[in-house]
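The lines below spell out each chain.
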Amino acid sequence: MTMSAPAATPGPLATDAAIEVRGLVKHFGSLRVLDHLDLTVAPGEVHGLLGPNGAGKTTTLRILLGLLRADGGQLRVLGGDPWHDAVALHRRLAYVPGDVTLWPNLTGGEVIDMLGRMRGGLDRARRDELVERFDLDPTKRGRTYSKGNRQKVALIAALASDVDLLLLDEPTAGLDPLMDATFREHIGELRAAGRTVLLSSHVLSEVEALCDRVSIIRQGVVVESGSLAQLRHLTRTSVVAQVRTVPAGLEHLPGVHDITIDGTRVSAEVEPVGLAPVMFALAGGGLEALTTQPPTLEELFLRHYRDELAPPSVQAGAEPAHHRRRWGRRSA
Amino acid sequence: MTSTPTRGAALAPPASEVPSPRPAAAPPGGGPLAGALTGAGQVLRLALRRDRILIPAWTLGIAGMATMSAQATVGLYPDLPQRVQAAEVVNGSAAMIALYGRIYDPTSLGELSMFKLTAFGAAIIGVVFAYLAVRHTRAEEEAGRLELVGATVVGRAAPLAAAMAVVAITAGALALLTGLGLWVAGLPLAGSLAFGAAWGTTGLLFGAVGAVAAQLATTARAATGLALVALAVAYVARAAGDLAEQAPGWASWLSPIGWTQQVRAFSGTRWEILVLPLLATAVLVPVAFVLRSRRDLGAGLLPDRPGPAQGRLGGAWGLAARLQRPALLGWAAGVLVMGVVLGSVADSVEGFLDSAAMRDIIAALGGEGALVDMFLAAELGFVGAALAGAGIAAVRWLPLEEASGRAEVLLATATDRRSWALGHAVVAMLGVAVLVLLAGLAIGIGYALAVGDPGAVLRLAGAAATRIPAALVMVGIAVAIWGIWPRGGWLAWALFVAFLALGEFGTLWGVPNPVMNLSPFRHSPMVPGPDPSFGALPVLLAVAVGLVALGVWRFGRRDVSTD
């Protein structure tokens, strides 16, 4: 039906997914904000939507909430249509916007209770516990809260509801490290309770610490999606080795990049496919010391944004530009 | 000449004396205001840049309104006897006097041209200038933009000083443009300039009132509300003064709008009266500065008290009622006080029948009782229109909640978006209906107390009820505009002002009847009065309901827009 993603024609949507999006398109005027976006979130998983500002994360969440109407594509949230079944779906989900504004005259406590009731009831004991743990003064008026405290009000309201799905737009943006840790604890509890969480972020460490699966979004398209293990598979391990004699032909092994040999010290970036041959070769050279660093999500992230971070015209180096773009790494 | 260096030192930033870019180089001996006013020029430029459309539009619009009225009057009453007759009709009607004021010299063309606009225009100017002052002080502070500006090399009092400069510049432009416009329209030059100056000084004064209100209240809404209460009191005081046996009564001298009238620009201009608003401004502006220097950024005169830790609000409709409640209570208080005053003066209408010609006209209309009824009907019309404005203001919550992102949080709960929108619309409509009824009751009570006729209370409340449908149409227009075009809030106000202007000046300007009939207020029956026609009321109600339905339906189908 839709001229969507080049990979596959969208068939009937899987009904068991918590969130299933195929070929989602959204325009704001002439600007195409979402360009055939695909996203699948399985029940019970904590899913990270990772991307820089303006990539379309918030727009995607707003469409999933039925606040914005999709211009094209298919989507299901908890088995329903977010636009037509908004009210029914909203009983089963909670949302925290990225930039929380509160009613100037209402206290934080009033807002939490109101939102809970409007969602269909909230757990009083849990609500009080959350207020305690997030260290929020619920008697203050909306206009007197700081950004972080406004964020807490919305978070508590969302976490205190007994819902199947949580949509969180950059949930920790205004929280201090202590509250950030409290937030992570709660996400862990939700995961243990089998709840589904979709959170957007541009903070890699947050996604790495919280999420089972990650979708990387860029200019309105999901460019990479999978479990952290799967995504790491696409990245390279840093290997630093001290050997007695440097084995010959090390640099010609498959999957070896950026190799530098400094006397008997070898450092290289190695793709998963090259790890075994490299280790054999190093062992044959009389391995004395070895340091390996697991790939970080950041590396993956940078790979997708390399174009924006460092335009090719500025790049000056021994490596060909296309090589750098394909296998981007942190610049020294 | 000798004072120049000291003034320069007091006003200019210390950085201009010392080439060092470090603020730490500011000498401590510069006086308390020297630092506080640093950067006022920059803030002023920013403010003028921001309002480069708004200020010219307002000044040209208001001056143009005066010019058009003068031009039309010059054409309508070319001869002296006609003018005198028209002036006598005005002075013979208590309703006219209460709403607009007296004509002190029946032979003066300028007095006749401007009799409606002198006080009424001053009230409009009061609203505009109070809003302008709040817009550049408390509104900026509430939005958090002042924090951004305040963190740069800008003194604490600089934004307030800049706001006052914006007010002064706008007032000056308005005075000059109005004066020139009236002169071009054919009125005497000196009188025209005096009239412009009277309006300009009124604007300046209400700008200062707005600045003080902005220091007291913590929200722009509340600050504007405070200033409007002051304005309403001033308007009622001058009405009482004008209705006094020996006009102007003492109440006129307590009212800035009374001062505007008493300049009498076109009948023996009294320039010296312009000193009164200038003096009042000279008192209020320092008060605003002192209040500003004694409070923190974002705080009001009263500190925020802690509220309940738990809430009972359970839904969108309850929230709508809670949000609209403070404004409704404010209006209710104002309406009750004003209503009782207006009702009690109605009885004195009969005292104005001092000309034989007027007595004949009144007899033909059905006697003195009819005259009182006419006056009451005019009052109710005025109150109904003003409260339609309260309704439009209440509907502003919809775009406000939507744009701020607060609606997004609500609509992400199990709340139907149409129900949310309908909640605000219904609360606004109920609010308007209750306020109009309250106004009718209050006018009835005032009148009943004055003439000893308890039956008048219910009779006037019933008469007021007939003004409700037209006011609801305005609420419906505001809801429909928002549903279709969320950024078009100004359009509802523009239509409101246009309808009011049509009602007041449409005949004078020679506007064709079909255009005049666009105004919902025109279709309200003139009650109390002889043979009123109620036929339009169901139609007005249906139109109001239809417009609300249209707006809610459109909102249900469009994106929620946040910005």
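Just so you know, the residues in each chain are numbered from 1, in the order the chain's sequence is written. Note on labels: chains are lettered from A, ligands numbered from 1, in written order. Totals for whole chains, interfaces and linings use all residues, but because this is a predicted model, local features are given only for residues with pLDDT of at least 70 and pairs of side-chain atoms are given and counted only at 80 or more. Side-chain metrics in this entry use all non-hydrogen atoms of the structure; hydrogen atoms and water are not considered.

Under the scheme used here, helices are H or I runs from DSSP no shorter than 4 residues and strands are E runs no shorter than 2 residues, and both carry numbers assigned from the N terminus. When you go through chain A residue by residue, the secondary structure sums to 11 helices and 13 strands. Burial statistics for chain A: of 332 residues in total, 51% are counted as buried. Of all intrachain contacts in chain A linking residues separated by at least 6 positions in sequence, the fraction that spans at least 24 positions is 67%. Residue exposure ignores everything except the shown protein chains as possible cover, and the areas themselves are Shrake-Rupley values with a 1.4 Å probe. As displayed, chain A offers around 14,500 Å² of accessible surface, 53% of which is attributable to carbon and sulfur atoms. Remark: exposure states derive from per-residue accessible area (1.4 Å probe, protein chains only) relative to the maximum for the residue type, with buried under 20%, exposed over 50%, and partly exposed in between. Contacts are assigned to residue pairs that have any heavy atoms within 4.5 Å of one another.

Moving on, we get to the packing of aromatic side chains. Residue and element names in this part refer to chain B. A pair of aromatic rings is counted whenever rings of Phe, Tyr or Trp (Trp by its six-membered ring) have centres within 6.5 Å, and the orientation is called stacked for planes under 30 degrees apart, edge-to-face for over 60 and tilted otherwise. For the structure shown, the criterion picks out 13 aromatic pairs over all chains. Residues tryptophan 420 and tryptophan 482 carry aromatic rings whose centres are separated by 6.1 Å and whose planes lie at 65 degrees to one another, so their mutual orientation is edge-to-face. Pair noted here: tryptophan 420 is in helix α21 (residues 417-451) and tryptophan 482 is in helix α23 (residues 468-484), with a separation of 62 residues, a long-range link. Among the aromatic residues, those joined into a ring-pair cluster are Tyr100, Phe115, Phe120 and Phe382. Throughout this description, the term charge over a ring refers to an Arg CZ or Lys NZ atom that lies within 6 Å of the ring centre and within 35 degrees of the ring normal. Sitting above the plane of the tyrosine 104 ring, arginine 264 keeps its charged end 3.7 Å from the centroid. Sitting over the ring of tryptophan 553, arginine 554 keeps its end group 5.7 Å from the ring centre.

What follows is about the confidence of the model for chain B. A low pLDDT score tells you not to read the predicted coordinates there in detail. Residues and elements named next belong to chain B. A residue's pLDDT is simply how confident the predictor is in it, with values from 0 to 100. The predicted model of chain B has a mean per-residue pLDDT of 85, with 89% of residues at 70 or higher. Averaged pLDDT values for the elements of chain B fall to 41 in helix α1 (residues 4-11) and rise to 97 in α23. Across residues 1-32 the pLDDT falls below 50, and counting only partners more than four positions away or on other chains, this stretch makes 10 contacts in the model.

This part is about the nonpolar core. Counting residues in hydrophobic clusters, the biggest one holds 153 residues, and the most contacted among them are Leu64, Met114, Leu166, Leu167 and Leu198 of chain A together with Trp420 of chain B. Not counting chain neighbours up to four residues away, the residues in contact with leucine 166 of chain A comprise Ala94, Ala158, Leu159, Leu190, Thr196, Val197 and Leu198 of chain A. In terms of nonpolar packing, the next biggest core, distinct from the first, is built from 72 residues, Trp199, Leu231, Tyr235 and Leu274 of chain B among them. Take the buried residues of types Ala, Val, Leu, Ile, Met, Phe, Trp, Tyr and Cys, join any two whose side-chain atoms come within 4.5 Å, and each joined set is a nonpolar core.

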